[in-house]
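# Understanding the architecture of this molecule
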Amino acid sequence: MSTQGLDAFAGWVESLMRERGYDIDSPRGGGKSRIADEAGVHRAAVTRLLQRQSMPDLETMRRIAPLLGVSVRDMLIRSGRVTPEELPLAEDLLPPDDWQPTMEDFARWLGVPDERMGVFVKVVNQFLEPGEEDAETRTPGEPRRAVRD
């Protein structure tokens, strides 16, 4: 991480601390100790960040983020450790509302190998859809006949 990146991140964290009422500016304000105590981290980790000496580790970020009202994801992105693309939001991963997964999609999610995809789809479809010739000859409520290949 560059000095400029550390400085920008520390400045952002400082502003969040001030917004949340932590007195980090006066020597006897107790803000650094208070946030360290509330987060359950060492005061030295808070001090090193605010003095632009080092970036906090993941556990420190994980503990401080809720106190500052931000997500761990935002902390990691602002710190430069990950990009938004590397840590997408859950809603960015969801398919469109009108998307209907196929049997092949389900097979992939279950880890069915490509060479067995056809067999998987055929077997599952037997449980879900009546065969065309079967549907015409069955009366409603009648059990399906076993299909033999």
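The next subject is unusual backbone geometry. Despite not being glycine, R52 shows a phi value in the positive range, around 60°. Positionally, R52 belongs in the loop between α3 (43-50) and α4 (58-68). With relative accessibility at 26%, the residue R52 sits in the partly exposed group.

The next point concerns helix α5 (residues 72-79). When α5 is considered as a whole, its buried residues turn out to be R73, M75, L76 and S79. What you see down the axis of α5 is that its buried residues fit within an arc of 165°, all on one side. Taken together, the buried residues of α5 touch α1 (3-19) and α4.

Another point: the nonpolar core. F9, M17, V46, I64, L68 and M75 are the most contacted members of the largest nonpolar core, which totals 24 residues. Of all elements in the fold, only α1, α2 (31-39), α3, α4 and α5 reach the threshold of two or more residues within this core. For this core, the leading source of residues is α1, giving 7 residues. Dropping the residues within four chain positions of it, L68 is found in contact with V13, L16, M17, R20, I35 and M75.

Quick look at the side chain of R73 now. Relative to the helices and strands, R73 is located in helix α5. Lacking a salt bridge, the buried R73 has D74 as its closest oppositely charged neighbour, with an N-O distance of 4.1 Å. Contacts of R73, omitting those with residues within four sequence positions, involve P84, L87, P88 and L89.

Per the stated rule, a full pass over the model turns up 3 aromatic pairs. Judged by centre distance (6.0 Å) and plane angle (65°), the rings of W99 and W109 are edge-to-face. Linking W99 in the loop between α6 (90-93) and α7 (103-110) with W109 in helix α7, this pair joins segments that are 10 residues apart in sequence. On the basis of relative accessible area, W99 is assigned to the partly exposed category, the value being 33%. Exposure remark for W109: the relative accessible area of 53% places this residue in the exposed category. With a centroid separation of 5.1 Å and 90° between ring planes, the pair formed by F106 and W109 is classed as edge-to-face. Placement of both F106 and W109 in helix α7 is noted, with a separation of 3 residues, approximately one turn of the helix.

Parameters at a glance
Residues numbered from 1 in each chain as written. Predicted model: local features only at pLDDT ≥ 70, side-chain atom pairs only at ≥ 80, totals over all residues. Heavy atoms only, no water. Helix = DSSP H or I, 4+ residues; strand = E, 2+ residues; numbered from the N terminus. Buried < 20%, exposed > 50% of the residue type's maximum accessible area, 1.4 Å probe, protein only. Arc of directions from axis to C-beta. Contact = heavy atoms within 4.5 Å. Core = buried A, V, L, I, M, F, W, Y, C linked by side-chain atoms within 4.5 Å. Lys, Arg positive; Asp, Glu negative; His and termini not counted. Salt bridge = Lys/Arg side-chain N within 4 Å of Asp/Glu carboxyl O. Phe/Tyr/Trp six-rings, centres within 6.5 Å; stacked < 30°, edge-to-face > 60°.

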